[in-house]
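# Topology and contacts: notes
Letter by letter, the chains look like this.
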Amino acid sequence: MSFKNLKPEISVIVASNHLSTDQKLTKVCELLQEKVSYYTWVGFYFANKAEKTLHLKAFAGDPTEHTVIPFGKGICGQVAVSNTNFVVPDVKAQDNYIACSITVKAEIVIPLFKDGKNIGQIDIDSNTANPFTEADERFLEWVNEEVAGILS
Ligand code: SME
């Protein structure tokens, strides 16, 4: 499904009165993982700034043992400190990378800002090599802005 068609579905989820914030986050992950063919695993991590760790709050795809990631470690941990998008076309080419599954070939991590602060991120793994374009970056930035609106 195209990003243009997915946007209204995301908006419906975040506006749902009968869902908790955690349920909304999980549904967003499930929708993206189900509808974008090359999104194999989708998750939201949020930062504990005092502890300098990221914590997995919602995901779709196989469970991961990496539910807590220190700032600076892996692609996710690097984005926690860089505040910028990180697109990895080939995970094998990264030396600071935490492998969740041997089938993963590529990854994209987009920081999530609330009131200008980097409070977390959306992390997507792909079993397809080099699948991400600038369209994914713009779309996922938009998703994170929508999600930021429901976070306190
Ligand atoms: N690969 C990530 C770790 C999280 S898993 O992809 C779910 C990283 O290097 O930070």
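Structure first, text after, so check above.
Described in the following lines is the structure provided in the data block.

About the criteria used
- Residues numbered from 1 in each chain as written.
- Predicted model: local features only at pLDDT ≥ 70, side-chain atom pairs only at ≥ 80, totals over all residues.
- Heavy atoms only, no water.
- Pairing = 2+ DSSP bridges.
- Helix = DSSP H or I, 4+ residues; strand = E, 2+ residues; numbered from the N terminus.
- Axes fitted to C-alpha atoms, helices over the stretch in contact; angles between N-to-C directions.
- Contact = heavy atoms within 4.5 Å.
- Parallel < 35°, antiparallel > 145°, perpendicular 65-115°, else oblique.
- Left-handed = near helix turned anticlockwise from the far one by under 90°.
- Nonpolar A, V, L, I, M, F, W, Y, C, P; charged D, E, K, R; others polar.
- Salt bridge = Lys/Arg side-chain N within 4 Å of Asp/Glu carboxyl O.
- Buried < 20%, exposed > 50% of the residue type's maximum accessible area, 1.4 Å probe, protein only.
- Near = heavy atom within 4 Å.
- Polar contact = N/O pair within 3.5 Å; in protein donor to acceptor, adjacent residues only side chain to side chain.
- Areas by Shrake-Rupley, 256 points an atom, 1.4 Å probe, with all protein chains shown as cover.
- Phe/Tyr/Trp six-rings, centres within 6.5 Å; stacked < 30°, edge-to-face > 60°.

This part covers the sheet that holds strand β4 (residues 86-88). What the six strands build is an open sheet, ordered β3-β2-β1-β6-β5-β4; its pairing is antiparallel. Two strands in the sheet have a free side with no partner beyond their single neighbour: β3 (68-70) and β4. With strand direction ignored, the average angle separating the axes of adjacent strands in the sheet is 25°. Sheet analysis places β4 next to strand β5 (residues 106-114), joined by three bridges and oriented antiparallel. Note on β5: the bridge partner recorded for Val87 is Ile108. Packing against the sheet, helix α2 (residues 21-35) makes contact with β1 (41-48), β2 (53-60) and β6 (117-126), and its axis sits at approximately 65° to β2.

Let's shift gears to the packing of helix α1 (residues 3-15) against helix α4 (residues 134-148). Taken N-terminus to C-terminus, the directions of α1 and α4 make an angle of 15°; their axes are 10 Å apart at the nearest point. As far as their axial angle goes, α4 and α1 are roughly parallel. The interaxial crossing formed by α1 with α4 has right-handed handedness. Between α1, through Phe3, Leu6, Lys7, Ile10, Ser11 and Val14, and α4, the contact on the second element is made entirely by Ala135, Asp136, Phe139, Trp142, Val143 and Glu146. For the contact of α1 with α4, the residue count by class is eight nonpolar, one polar and three charged.

What follows covers the pattern of salt bridges. Here the structure, examined in full by the defined rule, presents five salt bridges. A salt bridge links Asp22 to Lys57; the shortest N-O distance between them is 3.3 Å. Residue Asp22 is found in helix α2, and its partner Lys57 is found in strand β2; the two are separated by 35 residues along the sequence. Among the ionic pairs, Arg138 bridges to Glu137, the shortest N-O distance being 3.9 Å. On the basis of relative accessible area, Arg138 is assigned to the partly exposed category, the value being 42%. The exposure class assigned to Glu137 is buried, which follows from its relative accessible area of 16%. Each of Glu134, Glu137, Arg138 and Glu141 takes part in one network of salt bridges that share partners.

Moving on, we come to the site of the ligand. For the ligand, the full set of nearby residues is Trp41, Tyr45, Ile69, Gly74, Ile75, Cys76, Tyr97, Ile98, Cys100, Glu107, Asp123 and Asp125. Here a nitrogen atom of the ligand sits 2.8 Å away from a polar atom, N or O, in the side chain of Glu107. Calculation on the ligand without its partners gives an accessible area of 300 Å², and the protein chains cover 100% of this total. At three residues, helix α3 (residues 74-82) tops the list of elements feeding residues into the shell around the ligand. For the shell around the ligand, the per-class residue count stands at eight nonpolar, one polar and three charged.

Time to look at the packing of aromatic side chains. Under the counting rule described, the total for this entry stands at eight aromatic pairs. Clustering of aromatic rings is evident, with ring pairs tying together Phe3, Phe139 and Trp142.

Keep in mind these numbers describe shape, not what the thing actually does.
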